Structures are given as C-alpha cells and as structure tokens.
Amino acid sequence: MRSTQNGLSRRQLLAASLALPVIGSLPGIARAAGLLTSTDFHQLCVVLTGRDNFNPEFSRRILKALTQKDSNFPVRANDLRESLKAADLTDMSNFASYAQQNKDLASVALSIISACYLGYTGTPAMDATPAVGHPVDDATFITYVGALMYAPTKDTTVIPSYARGRTNYWVNPPSAQNAG
C-alpha cells in the first residue's frame, strides 16, 4: 500500500475524510475537536439577535448558506462565539464597543445578524451592482415570514408574503371604502 508524504495511505486518508463530517455532527466530539456545532451556532444566533425563541431551523439554514459562501465561516463563527464568551457579552447592549475592538469578528457577527433580520444571505438581484463589487445575485433564501425585520410591526403590519385575494384584488377598494 502506498503512503503519502505524511505516512498515510490513500485509503486511510479517504476514510478519515469521510468520517470527519460524521464526527463533526456529534456535538460532544465536535466541541472537543474545537468545531462549531449547530447547537453552538444556534446559541450564537440567540445572543446576536436577543431572541430566546429564535427558530433553530433558521440558524441551521444560515450556517449552511454562510458556509457555502465561505468554507472558513464555521471557524470564524466559532472564534466569534469564543470571543463573545471571553468578553462576557451575553446580549447586544455592549456590541458597539466590542465591534470597535474586534473588527474582524464584528463582520462575522454582522453577516449572521443580517441573515436573521433579512431572511437571506448574500446580495439579491435587486441590490446587485457589479460596478461596485457586488455579484449579480448570490442571495440564498433562509426564511421569508420568519425574518426578524418584520417583528417590530407584526401587530399592525401584514407580512407581504403572498397575495391574499384573487389576482389584482387590490385594484378596486372595498365597497365600505368608496367615498361615493
């Protein structure tokens, strides 16, 4: 059996590469190896948004989308989590001063916060401006009605997720609204 320069055979290298995702998915083993678990990332989302009831499925989608865009994102997110813990930052009240001192990690935090509030990662087609360095459209959908940007006005504003009537139902005002 041939060995690589480090003494591993191709078969051993292949087996290790196939086992790594499985090991990483087990929280105890992943944490011991210094990897970010989905539970850890969800807790990070909770801290960054201040929402104890933040949907765990949304945090899994955010982690997946940001990792697809940047394969180093889990490492950076774990560094952020550890840094926030070391700074004893358990809510966002002191985030501005933290961000000034940790600009590299602040950008990671802002990418997570942005995804939580907007419901997508990346730049959607309507905001794409190739002339200033934005790609044409690299947005990845996370959630629409679960986007936190709608929370402040949810008691009075209907989240515009789909048409509530037949096609063009808004063209004619309701009969009670006619000023006639």
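One can find the structure itself at the top, above this paragraph.
Residues numbered from 1 in each chain as written. Predicted model: local features only at pLDDT ≥ 70, side-chain atom pairs only at ≥ 80, totals over all residues. Heavy atoms only, no water.

Asks: Explain the environment of K69 to me, please; I cannot follow it from the model alone.
Replies: Assignment of secondary structure puts K69 in helix α4 (residues 56-69). A relative accessible area of 52% means that K69 is categorised as exposed. When the C-alpha positions of K69 and D138 are compared, they lie 8.7 Å apart, and in sequence the two are 69 residues distant. Ignoring sequence-local partners within four residues, the contact set of K69 consists of G122 and D138. Only 2.7 Å separates the side chain of K69 from the side chain of D138, close enough to count as a polar contact. (Helix = DSSP H or I, 4+ residues; strand = E, 2+ residues; numbered from the N terminus. Buried < 20%, exposed > 50% of the residue type's maximum accessible area, 1.4 Å probe, protein only. Contact = heavy atoms within 4.5 Å. Polar contact = N/O pair within 3.5 Å; in protein donor to acceptor, adjacent residues only side chain to side chain.)

Asks: Any chance you could explain the pattern of salt bridges here in plain terms?
Replies: Should their charged atoms come close, side chains of opposite charge can pair. Under the defined criterion, the tally for this structure stands at six salt bridges. Between K69 and D138 there is a salt bridge, with the nearest N and O atoms lying 2.7 Å from each other. Within this pair, whereas K69 is found in helix α4, its partner D138 is found in the loop between β1 (120-121) and β2 (140-141), the two being separated by 69 residues in sequence. For the salt bridge of D70 with R76, the shortest nitrogen-to-oxygen distance reads 2.9 Å. The exposure class assigned to D70 is partly exposed, which follows from its relative accessible area of 25%. Through salt bridges with shared partners, a single network forms among D40, R81 and E82. (Salt bridge = Lys/Arg side-chain N within 4 Å of Asp/Glu carboxyl O.)

Asks: Hey, could you run me through the nonpolar core in this one?
Replies: Soluble globular proteins tend to bury their nonpolar side chains together. In this structure, F41, L80 and I112 are the most contacted members of the largest nonpolar core, which totals 30 residues. The set of elements that each furnish at least two residues to this core consists of α3 (38-49), α4, α5 (73-86), α6 (95-101) and α7 (103-118). Element by element, the count of residues in this core is highest for α7, at eight residues. Setting aside anything within four residues of it in sequence, one finds L80 in contact with L44, L48, Y98, L105, V108, A109 and I112. (Core = buried A, V, L, I, M, F, W, Y, C linked by side-chain atoms within 4.5 Å.)

Asks: It is not clear to me how α3 should be interpreted in this structure. Could you clarify?
Replies: Count 3.6 residues to each turn of an α-helix, and residues three or four apart come out pointing the same way. For α3, which comprises 12 residues, the first-to-last C-alpha distance of 16 Å matches the rise-based estimate of 16 Å (1.5 Å per residue) to within 8%. Taken together, the buried positions of α3 are occupied by D40, F41, H42, L44, C45, V46, L48 and T49. In the segment just after α3, G50 is the residue with positive phi, at about 70°. (Expected span 1.5 Å × (residues − 1).)

Asks: Can you walk me through the packing of α5 against α7 in this structure?
Replies: For any two helices packed against each other, the geometry comes down to the angle between their axes and how far apart the axes lie. Taken N-terminus to C-terminus, the directions of α5 and α7 make an angle of 105°; their axes are 9 Å apart at the nearest point. Compared by their axis directions, α5 and α7 come out roughly perpendicular. Contacts between α5 and α7 involve F73, R76, A77, D79, L80 and S83 on the former and, on the latter, D104, L105, S107, V108, A109, S111 and I112. In the contact of α5 with α7, the residues fall into seven nonpolar, three polar and three charged. (Axes fitted to C-alpha atoms, helices over the stretch in contact; angles between N-to-C directions. Parallel < 35°, antiparallel > 145°, perpendicular 65-115°, else oblique. Nonpolar A, V, L, I, M, F, W, Y, C, P; charged D, E, K, R; others polar.)

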